[in-house]
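This is what each chain is made of:
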Amino acid sequence: MSPARRTALVSVVAAAILIGLKLVVGLLTQSLGLLSEAAHSGTDLVAALLTFFALGVSGRPADATHAWGHGKAEHLSALGESIILAGVSAFIAWHALRRLTGNAVTAVDATWYAFAVIGVVIAIDLARASISLRSARRYSSPALLSNAIHFAGDLAGTIAVLVGLVLVRAGYPKADAIAALFVALLVLVAAGKLATTNTDVLMDRTPKDAEDLARRAIESLSPAVTLDRLRMRTAAGRHFSDVVISISPSAALAEGHAAADAVEAAVLDALPGSDVVVHVEPAQADSLTEGALAAALTVAGVREIHNVRVLRAGGRIEVSLHLKFPGDASLDQAHALANDVEAAIEHALPSVAAVTTHLEPLEAPIAADELAGAEVATTDREVRRIVAELTGNNPRVLRFVGTDGGVVAFLTLALNGDPTLATAHAIGGTVRSRLRRERPELADVVVHTEPAG
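Source: prediction; values computed, not measured. Residue positions within a chain follow its written sequence, with the count starting from 1. Since the coordinates come from a predicted model, pLDDT governs what is reported: local features require at least 70, and pairs of side-chain atoms require 80 or more to be given and counted, while whole-chain, interface and lining totals use all residues. Side-chain measures here rest on the full set of heavy atoms in the structure, leaving out hydrogens and waters.

Student: Got a sec to walk through the sheet that holds strand β2 (residues 238-247)? Specific residues and values, please.
Tutor: At least two bridges found by DSSP between two strands is the condition for calling them paired. Labels follow the DSSP assignment, with helices taken as runs of H or I lasting at least four residues and strands as runs of E lasting at least two, numbered in each case from the N terminus. A sheet is described by the order of its strands in space; here 3 strands give the open sequence β1-β2-β3, paired in mixed fashion. Every other strand in the sheet has two partners, leaving β1 (226-235) and β3 (275-282) as the edge strands with one partner each. Strand-to-strand twist in this sheet, taken as the mean axis angle between neighbours without regard to direction, amounts to 10°. Judged from the 8 bridges that link them, β2 and β3 form a sheet pairing that is parallel. Fitting a line to C-alpha atoms yields each axis, with helices limited to the stretch in contact; the angle taken between N-to-C directions then spans 0 to 180 degrees.

As structure tokens, this is what we get:
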């Protein structure tokens with residue numbers, strides 16, 4: 001049995017003891033205040049039983065028919081408790097008003113044992129209210145919190161009955177009925193608060209404080225991640241978040257997955273124990289190039305898209321791009337997909353007059369061997385000389401790989417200053433062209449650029 005259910009079981013036992021004490025003494029003394037408190041404790045017993053069984057249901061894990069778990073069972077229990085409390089309030093108020101208007105005349109005997117019982121009841125109410133409150137905070141349980149509120153109302157009602165009996169003994173016989181009416185009011189207020197709070201949860205009202213925490217956590221991430229929508233609800237003290245974010249349309253699938261992981265981690269850090277679902281969408285394209293790429297990526301079957309170019313000539317806009325498909329795909333299949341890509345771009349970008357696609361096969365893995373020492377000593381020396389002349393720095397990384405098609409040089413350039421990407425790309429292209437021209441033994445040169453610092 002869970003600690004939360006043990007707390008609820010203690011409440012069941014306490015409610016049963018209080019009903020017996022209040023009912024017996026209330027009948028012996030004809031105190032409507034004590035009888036109303038006995039009825040109130042009767043609702044406590046029902047409420048405690050509801051809470052006990054609701055906690056057993058809400059603790060079950062999610063299953064095929066309850067994908068979000070069973071946490072709302074606690075809120076259903078608390079809502080049922082509020083309905084019972086409202087009915088008891090009306091019953092107590094009706095009898096109290098009958099006595100106050102003289103339609104029911106009953107002599108109240110404010111005897112010593114009535115005060116003794118009230119003292120015991122106050123001690124029990126104080127203990128169970130504090131225990132339920134501590135447990136509700138520890139386990140984030142709405143059902144236990146509703147019990148704590150209910151028991152605090154019991155304590156206030158019992159004190160009112162005590163005051164009423166003191167006044168009856170002092171010569172004010174209607175004070176007992178007034179105390180009963182006060183108990184009815186307390187019960188009604190508690191019922192209203194419980195009904196409002198738990199109806200909000202059952203209707204999936206957004207928890208504003210939790211939503212603000214989650215929103216701030218997401219918006220503090222990289223500016224490349226844009227929050228488009230955040231929906232939240234709560235059940236049994238646990239937050240459920242549906243998040244929609246957008247990233248650059250040119251981002252790879254792995255980048256989108258990493259962004260979703262970062263958002264999930266941020267929400268869990270702000271709201272531990274939450275259930276977070278993140279959906280990633282492409283952001284609105286900022287340029288024709290990005291728009292063409294985003295539209296092309298909507299066509300399934302294309303394995304790679306590169307060399308996207310937008311050409312403007314005489315007021316006419318054209319787009320060209322390279323598409324890669326599996327090498328064993330038929331020309332008919334590749335051509336059909338290329339037509340779909342062209343149609344998608346023209347539909348997304350009405351200003352584009354024509355789209356031209358270049359079809360390429362995906363390259364198969366190439367057999368290669370790392371080359372070093374005397375077999376590439378001359379090439380190594382000459383490559384380093386050319387790189388130093390063109391960039392002012394020695395290559396940061398230089399290695400050679402032998403393939404069936406010839407020697408491939410892998411080169412990392414360290415560039416001074418803070419060049420733009422376009423400048424770095426141009427420098428890399430210049431180095432590659434000169435090496436291919438002056439060192440014919442190189443079948444290809446792969447250049448990577450990075451800042452010298």
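Let us keep going from here.
Student: How would you sum up the side chain of H322? Please name residues and give values.
Tutor: Along the chain, the position of H322 falls in strand β5 (residues 316-325). What qualifies as a polar contact is a pair of N or O atoms within 3.5 Å, subject to a donor-acceptor requirement within protein and to the restriction that residues adjacent in sequence count only when both atoms come from side chains. Looking at H322, its side chain comes within polar contact range of the side chain of E360, at 2.7 Å. The contact criterion used throughout is that any non-hydrogen atoms of two residues lie within 4.5 Å. Setting aside chain neighbours within four positions, we find H322 in contact with E304, I305, H306, N307, H358 and E360.

Student: Give a detailed account of the pairing of strand β9 (residues 406-415), specifying residues and quantitative values.
Tutor: Among the 10 residues in β9, 8 count as buried, and that is most of the element. Pairing geometry for strand β8 (residues 397-403) and β9, over 7 bridges, is antiparallel. When the sheet's bridge partners are listed, V397 is paired in β9 with T412. Counted along the chain from β8 to the antiparallel partner β9, the turn is 2 residues long. Relative to strand β10 (residues 442-451), β9 runs parallel, the two being bridged by 9 bridges. Accessibility here uses a 1.4 Å probe with only protein chains present; expressed as a share of the type maximum, an area under 20% marks a residue as buried, one over 50% as exposed, and anything in between as partly exposed.

Student: Can you break down the nonpolar core residue by residue, with the values?
Tutor: In this structure, L34, L85, I92, V161 and L165 are the most contacted members of the largest nonpolar core, which totals 22 residues. For this core, the secondary structure elements donating two or more residues are α1 (3-29), α2 (32-58), α3 (72-100), α4 (112-139), α5 (142-169) and α6 (175-202). Broken down by element, the residue count for this core peaks at 7 residues, all from α6. Residues belong to a common nonpolar core when they are buried Ala, Val, Leu, Ile, Met, Phe, Trp, Tyr or Cys residues joined through side-chain atoms within 4.5 Å. In terms of nonpolar packing, the next biggest core, distinct from the first, is built from 21 residues, F325, L337, A338 and L349 among them.

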